[in-house]
Each structure stands twice: as structure tokens, then as C-alpha cells.
Amino acid sequence: MQWLTVAVSLLVAAFVAPPLVRSLRETGFARENYRGATVAFPAGIAIPVVAVLALVPLSLLFELAKVDLFVDGTGRALIYVLGVGLLGLVDDLVGSDVAARGWRGHARAAARGGLTTGAIKAGGSLGLALFAVAGRGDGAGEYLLEAAVLVVATNLFNLLDLRPGRSAKALILLGAGLTLGSQDLDPLWAVGLFAGPILVLLPLDLSEVGMLGDTGSNAIGAVAGLWLVLTLSTTGQAVALAIMVAVTVYGEFRSIATLIDRTPGLRHLDSLGRTTNA
């Protein structure tokens, strides 16, 4: 019955996410997007909100009706995704370090004696990752590798989220590939609480009703990292980490968005469902 986590998450998201995003706009929480359109911000707050609301019926079913809902890793996923979502929200609401972009920018700001919200987010994500993978019975090397996969994935999906729908589409493709390749649904059930709001927010993001912000992109990146850790072997995680680090380093010196725009297949996939391709 683990599929109920995804089903309940979708149901709650369908009722909660759209009005929540609209209320953000109505109460003045809005920002201009890459085209200059004013959209609700940060719409990604719906991801943690829906997840904790979905816990009400799911926890009652689990404890009172003895329905087997939560697989191993669900608690770790909840802690990590909610934690990095909160750190992203801090960055969205009080971040003023516009000039401090990327790891190099935050490092330069720290060297000058400044503490950016991005640096706080990076340090907090590391602490959450180290806690989330602790106690899994791994050796020191595997433990540090898993934590690195979580942190780098969280950051990478934040870097990707420069156009509507991009980070959610990347997660869907990654999750589909991992699930089909491993034939294992347990990692999906472990992050199932977040599947509903991510899927419901995708059309709102694509139609420029709301912008995920770091709150949403960090949460999506956290789900991606957890999916990798819960699915892949140590070797697979090492390969995934190397690829993600390479893309992240590329993004530090070149534009990932420009690379996508110049690659026909990627550009078509990236633009699917979007209000405008401008």
C-alpha cells in the first residue's frame, strides 16, 4: 500500500497548491521572472506545505489502521527535503547577495568577511545531508559519498531552475530512468510525499502563474539526491556525483541555460509546455 503516499500527496496537492500559489500573489508575494512577467513567489513553498498536510491522513492510516505505508528512508527524506526547503525559503525571503552567485561568489563573499544566505544554505544543506544518511551502516567512505551526492544534487537543481519547469522535468526524467533501470519502486515511495506537489506545481510553473524560487528548486534537488542515494550502488553514486560535479563546474564558468538552448533535443524538451519559448 506504499503507493498511497503518492496518491494522497497528489490529492492534497490538487486542493492546496493552486489556491496557495494564488494567495501568494494576492498578498504581495510576487517577483518578476526571466521575461519580466510578475508571478507568485516563492511558489515552491507548496512542496513542504503539502507534504506535512499529507502526513495527517497517512500517519493515521499507518498507526490506527495498521496500513503499511512508509518504507525505509521516508523519515530521512522528510527531514532532508523539509530542511533544505526551509533554507531555500530563507534565501528567497531575506537573501540580498545578488552578486554572490555560485560557489565561487559565496567563497569570495566569505573571504571578505561577509556571510551570504547562499553560504548559510550550503552549510545547512551539508549538515542536513550528513544527518540524513547517518546510521545506515555504511563505512566512512560510503557515508561521505552519500552526503556529497545529496548536497551536490540539491545545488545542481537550483542551478538548473532558470526557466519555468526545468528542474521538475529533470527530476521526472531522472526518477523514471532510475526506476526503470533498477526495477525498484521503494525509492519512489520514500520520496512519495513530495511527488504530488512537484507534479501539481509543474503546470503552474510552466504557465508562469508561480515561480518555484530556491524553496522549490532546493526541495526538488533534495528529492533527486535522495532518489540517487536510495537507488544506486556505491559505484553508481560515485559516477553520478562525478557527472553532477562536472555539470556544476561547467555552470560556474559557462551558462547551462545557453548550452540547453543551443542543443536542439534539449531545447525542445526544455520548452515543452511552456507559455513562451522566448
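Residues numbered from 1 in each chain as written. Predicted model: local features only at pLDDT ≥ 70, side-chain atom pairs only at ≥ 80, totals over all residues. Heavy atoms only, no water.

**Student:** I would appreciate a short explanation of the overall build of the protein in the present structure.
**Tutor:** Within the protein, the regular secondary structure consists of 13 helices and two strands. Compactness check: the protein gives a C-alpha radius of gyration of 18 Å against a globular reference of 19 Å for 278 residues, within 12% of the reference. Over its C-alpha atoms, taken along the principal directions, the protein stretches across nearly 50 × 45 × 40 Å. Long-range pairs, those at least 24 residues apart, make up 77% of the contacts in the protein with a sequence separation of at least 6. Accessible surface computed for the protein: about 13,000 Å², of which carbon and sulfur atoms make up 66%. Charge centroids of the protein, computed over 19 positive and 20 negative side chains, lie 10 Å from each other. (Helix = DSSP H or I, 4+ residues; strand = E, 2+ residues; numbered from the N terminus. Rg over C-alpha atoms; globule rule 2.2 N^0.38 Å. Contact = heavy atoms within 4.5 Å. Areas by Shrake-Rupley, 256 points an atom, 1.4 Å probe, with all protein chains shown as cover. Lys, Arg positive; Asp, Glu negative; His and termini not counted. Charge placed at Lys NZ, Arg CZ, Asp CG, Glu CD.)

**Student:** What is the right way to look at helix H5 (residues 117-132) in this model?
**Tutor:** One turn of an α-helix holds 3.6 residues; hence residues three or four places apart share an orientation. End to end, H5 covers 22 Å across 16 residues, agreeing with the expected 22 Å (1.5 Å per residue, within 8%). Of the residues making up H5, those classed as buried are Thr117, Gly118, Lys121, Ser125, Leu128, Ala129 and Ala132. Seen from one end, H5 has its buried residues packed into an arc of 110 degrees, which puts them on one side. (Expected span 1.5 Å × (residues − 1). Buried < 20%, exposed > 50% of the residue type's maximum accessible area, 1.4 Å probe, protein only. Arc of directions from axis to C-beta.)

**Student:** Which parts of the structure should I look at to understand the nonpolar core?
**Tutor:** The tendency in soluble globular proteins is for nonpolar side chains to be buried as a group. With 73 residues, the main nonpolar core has Tyr80 and Phe194 as its most contacted residues. In terms of residue count, the dominant contributor to this core is helix H6 (residues 140-160) (ten residues). In this structure, Tyr80 is in contact with Ser125, Leu128, Ala129, Ala132, Leu150, Val151, Thr154, Ala222 and Leu226, ignoring residues within four places of it in sequence. (Core = buried A, V, L, I, M, F, W, Y, C linked by side-chain atoms within 4.5 Å.)

**Student:** Honestly, the side chain of Thr154 in this entry has me stumped. Any pointers?
**Tutor:** Its location among the elements puts Thr154 in helix H6. One polar contact links the side chain of Thr154 to the main-chain carbonyl oxygen of Leu150, over a distance of 2.7 Å. Residues in contact with Thr154, not counting those within four places in the same chain, are Tyr80, Val84, Ser217, Asn218, Gly221 and Ala222. (Polar contact = N/O pair within 3.5 Å; in protein donor to acceptor, adjacent residues only side chain to side chain.)

**Student:** What am I meant to see in the environment of Val81 here?
**Tutor:** Tracing the chain through its elements places Val81 in helix H3 (residues 74-94). Setting aside chain neighbours within four positions, we find Val81 in contact with Phe194, Ala219, Ala222, Val223 and Leu226.

**Student:** Looking at this structure, I do not really get the packing of aromatic side chains. What am I missing?
**Tutor:** What describes a pair of aromatic rings is the distance from one ring centre to the other and the angle between the planes of the rings. Overall, the coordinates contain one aromatic pair when judged by the stated rule. Here the aromatic rings of Phe62 and Phe70 are separated by 5.1 Å at their centres, their planes lie at 55 degrees, and the arrangement is tilted. Here Phe62 falls in the partly exposed class, since its relative accessible area comes to 34%. Judged by its relative accessible area of 21%, Phe70 is partly exposed. (Phe/Tyr/Trp six-rings, centres within 6.5 Å; stacked < 30°, edge-to-face > 60°.)

**Student:** What is the right way to look at the packing of H6 against helix H11 (residues 234-253) in this model?
**Tutor:** How two helices pack is summed up by the angle between their axes together with the distance between the axes. Interaxial distance between H6 and H11 falls to 9 Å at its minimum, and their mutual angle equals 35 degrees. Here the hand of the crossing between H6 and H11 comes out left-handed. In contact with Glu142, Leu145, Glu146, Ala148, Val149, Val152, Ala153, Asn155, Leu156 and Leu159 of H6, H11 contributes Thr234, Gln237, Ala238, Leu241, Met244, Val245, Val247 and Thr248. (Axes fitted to C-alpha atoms, helices over the stretch in contact; angles between N-to-C directions. Left-handed = near helix turned anticlockwise from the far one by under 90°.)

**Student:** What is the right way to read the side chain of Lys169 from this model?
**Tutor:** Assignment of secondary structure puts Lys169 in helix H7 (residues 166-182). No salt bridge is formed by the buried Lys169, whose closest oppositely charged neighbour, Asp270, lies at an N-O distance of 5.3 Å. If sequence neighbours within four positions are ignored, Lys169 has contacts with Leu202, Leu206, Leu269, Asp270, Ser271 and Leu272. (Salt bridge = Lys/Arg side-chain N within 4 Å of Asp/Glu carboxyl O.)

**Student:** Can you walk me through the packing of H5 against H6 in this structure?
**Tutor:** Where H5 contacts H6, the axes come no closer than 9 Å and their chain directions differ by 140 degrees. The orientation of H5 with respect to H6, classified from their angle, is oblique. Classified by chirality, the crossing of H6 by H5 is right-handed. For the pair H5 and H6, the contacting residues are Lys121, Ser125, Leu126, Ala129, Leu130 and Ala132 in the first and Tyr143, Leu144, Ala147, Leu150, Val151 and Asn158 in the second. (Parallel < 35°, antiparallel > 145°, perpendicular 65-115°, else oblique.)

**Student:** Can you help me understand the pattern of salt bridges in this one?
**Tutor:** Two side chains that carry opposite charge are able to pair once their charged atoms sit near each other. Considering all chains together, one arrives at seven salt bridges under this definition. Close ionic contact of Glu208 with Arg35 constitutes a salt bridge, the shortest N to O distance being 2.7 Å. Linking Glu208 in the loop between helix H9 (195-206) and helix H10 (213-231) with Arg35 in the loop between strand S1 (30-32) and strand S2 (38-40), this pair joins segments that are 173 residues apart in sequence. Owing to a relative accessible area of 10%, Glu208 belongs among the buried residues under this scheme.

**Student:** Is there a simple way to think about a nonpolar patch on the surface in this case?
**Tutor:** There is a patch of nonpolar side chains on the surface, built from Phe29, Leu86, Val90, Leu93 and Val94 and spanning about 460 Å² of accessible area. Position of Leu86 among the secondary structure elements: in helix H3. (Patch = residues over 30% accessible without salt bridge, like charges linked within 9 Å, V, L, I, M, F, W, Y side chains within 5 Å.)

**Student:** Would you explain the environment of Leu78 in this entry?
**Tutor:** In this fold, Leu78 is placed in helix H3. The sequence separation of Leu78 and Leu24 amounts to 54 residues, and the corresponding C-alpha distance is 24 Å. Those residues in contact with Leu78 that lie beyond four places of it in its chain are Leu55, Leu193 and Phe194.

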